[in-house]
Each structure stands twice: as C-alpha cells, then as structure tokens.
Amino acid sequence: MSQVRVRFAPSPTGFFHIGSARTALFNWLYARHAGGTFVLRIEDTDKERNTDESLQVLLDGMRWMGMDWDEGPEVGGAYGPYFQSQRQPIYDEYLKKLQDAGRTYEKDGAIWFKLEGERYTEYDDFKKAEVEKVRAAPVVIDDAVRGRVERAEELDFVIVRKDGNPVFHFVNVVDDIAMGITHVIRGEDHLSNTSKHVELFNAFGVTPPVFAHIPLILKESGPGKMSKRDKGALIEEYETRGFLANAVRNYISLLGWNPKDEREKMEIDEIIELFDFPGINKGNSRFDEKKLSALNTEYLREMNVETFTFLARPILHTAGVIEEDA
Ligand code: GLU
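Counting starts from 1 at the beginning of each chain's written sequence and moves along it residue by residue. In keeping with the predicted nature of the model, local features appear solely for residues at pLDDT of at least 70, side-chain atom pairs appear and are counted solely at 80 or more, and the whole-chain, interface and lining totals rest on all residues. Values shown for side chains rest on all heavy atoms present in the structure; no hydrogens or waters enter the calculation.

**Comments concerning the environment of R146**
Moving on, step 1. Structurally, R146 is set in the loop between β7 (139-143) and β8 (147-151).
Moving on, step 2. Exposure classes here rest on a 1.4 Å probe applied to the protein chains alone. A residue is buried below 20% of its type maximum, exposed above 50%, and partly exposed in between. Judged by relative accessible area, R146 falls into the partly exposed class, the value being 27%.
Moving on, step 3. Expressed as a C-alpha distance, the spacing of R146 and V206, which sit 60 residues apart in the sequence, is 22 Å.
Moving on, step 4. If near-sequence neighbours (up to four positions away) are discounted, R146 is found in contact with E188, L191, H213 and K282. In this text, helices come from DSSP runs of H or I with a minimum length of four residues, and strands from runs of E with a minimum of two, each type numbered from the N-terminal end. Any pair of residues with heavy atoms lying within 4.5 Å of one another is described as a contacting pair.

**Section: the pairing of strand β6 (residues 129-135)**
Moving on, step 1. We call two strands paired when DSSP finds no fewer than two bridges between them. Sheet topology note: the strand β5 (residues 118-124)/β6 ladder contains seven bridges and is antiparallel. Each residue of the ladder has a partner; that of Y120, found in β6, is K133.

**Things to note about the site of the ligand**
Moving on, step 1. Taken together, R7, A9, S11, E43, F168, N172, R186 and H190 form the complete shell of residues around the ligand.
Moving on, step 2. For the purposes of these results, a polar contact is taken to be a pair of N or O atoms within 3.5 Å, where, inside protein, one atom must be able to donate a hydrogen and its partner to accept one; residues adjacent in sequence count only when each atom of the pair is a side-chain atom. Here a nitrogen atom of the ligand sits 2.6 Å away from a polar atom, N or O, in the side chain of E43.
Moving on, step 3. Residue burial considers only the protein chains on display, and all accessible areas are found by Shrake-Rupley using a 1.4 Å probe. Taking 300 Å² as the accessible area of the ligand by itself, protein coverage stands at 79%.
Moving on, step 4. Polarity classes work like this: nonpolar for Ala, Val, Leu, Ile, Met, Phe, Trp, Tyr, Cys and Pro, charged for Asp, Glu, Lys and Arg, and polar for all others, with Gly in that last group. Of the residues assigned to the shell around the ligand, the class counts are two nonpolar, three polar and three charged. The cutoff for a nearby residue is simple: one of its non-hydrogen atoms must lie within 4 Å of the molecule or strand.

**Some details on the packing of aromatic side chains**
Moving on, step 1. Each Phe, Tyr or Trp ring, with Trp reduced to its six-membered ring, pairs with another whose centre is within 6.5 Å; inter-plane angles below 30 degrees give stacked pairs, above 60 give edge-to-face pairs, and intermediate values give tilted ones. In total, this model carries nine aromatic pairs according to the counting rule given.
Moving on, step 2. Where W257 meets F275, the ring centres are 5.5 Å apart and the plane angle is 40°; that geometry is what we call tilted. Here W257, found in the loop between α7 (245-253) and α8 (268-274), pairs with F275, found in the loop between α8 and β13 (285-286); they are 18 residues apart in sequence, far enough to count as distant. Each member of the pair, W257 together with F275, is buried.
Moving on, step 3. Chaining the aromatic ring pairs together yields one cluster made of F26, W257 and F275.
Moving on, step 4. Lysine and arginine charges are scored as sitting over a ring when NZ or CZ, respectively, is within 6 Å of the ring centre and within 35 degrees of the ring normal. Just above the ring of F157 sits the side chain of K196; from NZ or CZ to the centre is 5.7 Å.
Moving on, step 5. Of note, K265 hangs over the ring of Y299, and the distance from its end group to the ring centre comes to 4.3 Å.

Here it is in structure tokens:
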C-alpha cells in the first residue's frame, strides 16, 4: 500500500447529492489509482441535521455506487473515531497546542486564532466600526487542479464558538493532521477556505496536504450549480428509477474528468488506471441527463439476458406489470 491517504468528509444532510457523490468518487478513484487508503470521515457537528437516517442515506449511496472505504463508519480503523461528534478530546488536545504556542486569544466568549504579522486598524464600512487587521504573509497554494493560488488572510478568525463548539475550519484541519491525510480532494467552493486551513497547518508546524479543488457541477440549463432541488440531483433517485450503478458511476466520473480521448463508456478498472489530477478539468462541468441515459442504455445492451431479467423483475413488479414470482 502506498502512503497516499485521502478522505471523503461529508456532513450528512439526508440526501446523497450528485456533487457529494462526485467528490466521494474522485477521492475513491485516486485512492485506488495510487494504491492508497480511502477514509470516510463524518463531519456531523450540526446535531439537528446529522441523524442516523441521514448517515444511512449516505452509506447506502456509497455502497450502491461501489465505493468501499478502508477506514470509517462500520469498518473502523487505526485513526478513529471517524465521527467528528466523537472526537472532542482530540480537538481539546490540538487547541492546547495552539494555546501553548501563543496562537490564540479569547474575545467575546469565543476563542480566536491569531494570525502572524503587523497589526493595524481600519474603518470597516460594512461593520461601521474600526476593525483590527493583520498584514500576514500571503499563503501560496499549489493546487493540483487550479494551479498556483495566492491569498493573504487579514482577519483573525474564531476557532471555538461561545457555546464551546469548535468551528469547521479548526476540526477539518485537526482531523486531516490527526488522520495523516496526504491529499485533500474537495469541491471548489472550499477553495476560499484553504488559506485559513493552511494558516492552521503552519501554526501546528505541519506541512499541508496536497490540495485538489474540483470544479462545480452546473445544472442542466441556465447558470448556477446543481442544488438538491434540481432534477437528477439525488443519487438515491437513480437507484429507484432502475439505473445501473455502473453506468451512473461511469457518468459521474466524467463530470469534471476525462481520459483525454473521446471515450465515454469505460470499465471501472480502466478509469482507476487512468484517473489522476492532470485529467481533471479546470472549467465547470454541466449535468446532462440525456448523456447519462444514453450511457445507461449502452450498459443495458451489453448485459446478458439472465442478469437483465434478474434486474428487471423487481422493477416490473413495482410497476404492476408482473406478479412477484412470475
Ligand atoms: N464537511 C465538508 C463538506 O461537506 C468537508 C470539506 C472538505 O472536504 O474539507 O463540504
């Protein structure tokens, strides 16, 4: 096994959205390509939304698409627990490291992360108040997809809220360190968080992982990214509509990645062999249900009649066309 350790870190919401499935798939493909470890970490800090049911929707969706995880819920592993809600002692320990290094302070009941650099105050039109800013050295990210990205943070930020709960940036980075994550593959919507994350990695004295931010999936027509309300957005619907998991997985692998030739229908072993960061597009991809259906049809045509009959039976039964034991 190689040293590569990647993770899919969803916050379960009760839906397995095509965007999440794509992030999971790219992590899984990269782990399998590199002979590394695929970790599933549940970012369940939002207690209201993160129910057992939400978790099951996610695990079922992952399993349906054939994305097995090497460490995580129901399989365990040496870096657990794999639920953020169970990792408080680890967050306490890491918070202490930052406190001992003099990189935190308390203000208004919250704990803040202190940037390094010259401090000055500036009038903020939006807040209608003087705000303390920091001239921090810019963070340079060599993103494996986006290329070089540079950004300077200028405001200290909260890492533990008034109510005692650590914030996303803090727990995300602590877990990536504690779980030995080597590559962070996630949606482009997180690119703007990455400079904060790198500041935290540096404060812990840890070399940040390789970042690979993957472009958005746009909805079928019009501007904007796909949301869970858009037709075709939920993985669980493909299963009920009788799509083949292999076809759905093949289609999703092509949302933002391509093998640099015209091929679309590919066996999973081939995709694993060819999948790598240079093949990930910089531009956004657009969801196209016709293309997915066409690919699904190709898979169906190739299927032998026994398998086809076996899979068709429950669908025909549900539709009231045949008796259960016909
Ligand atoms: N829980 C975050 C999300 O679902 C994870 C972000 C990350 O992969 O770092 O967006």
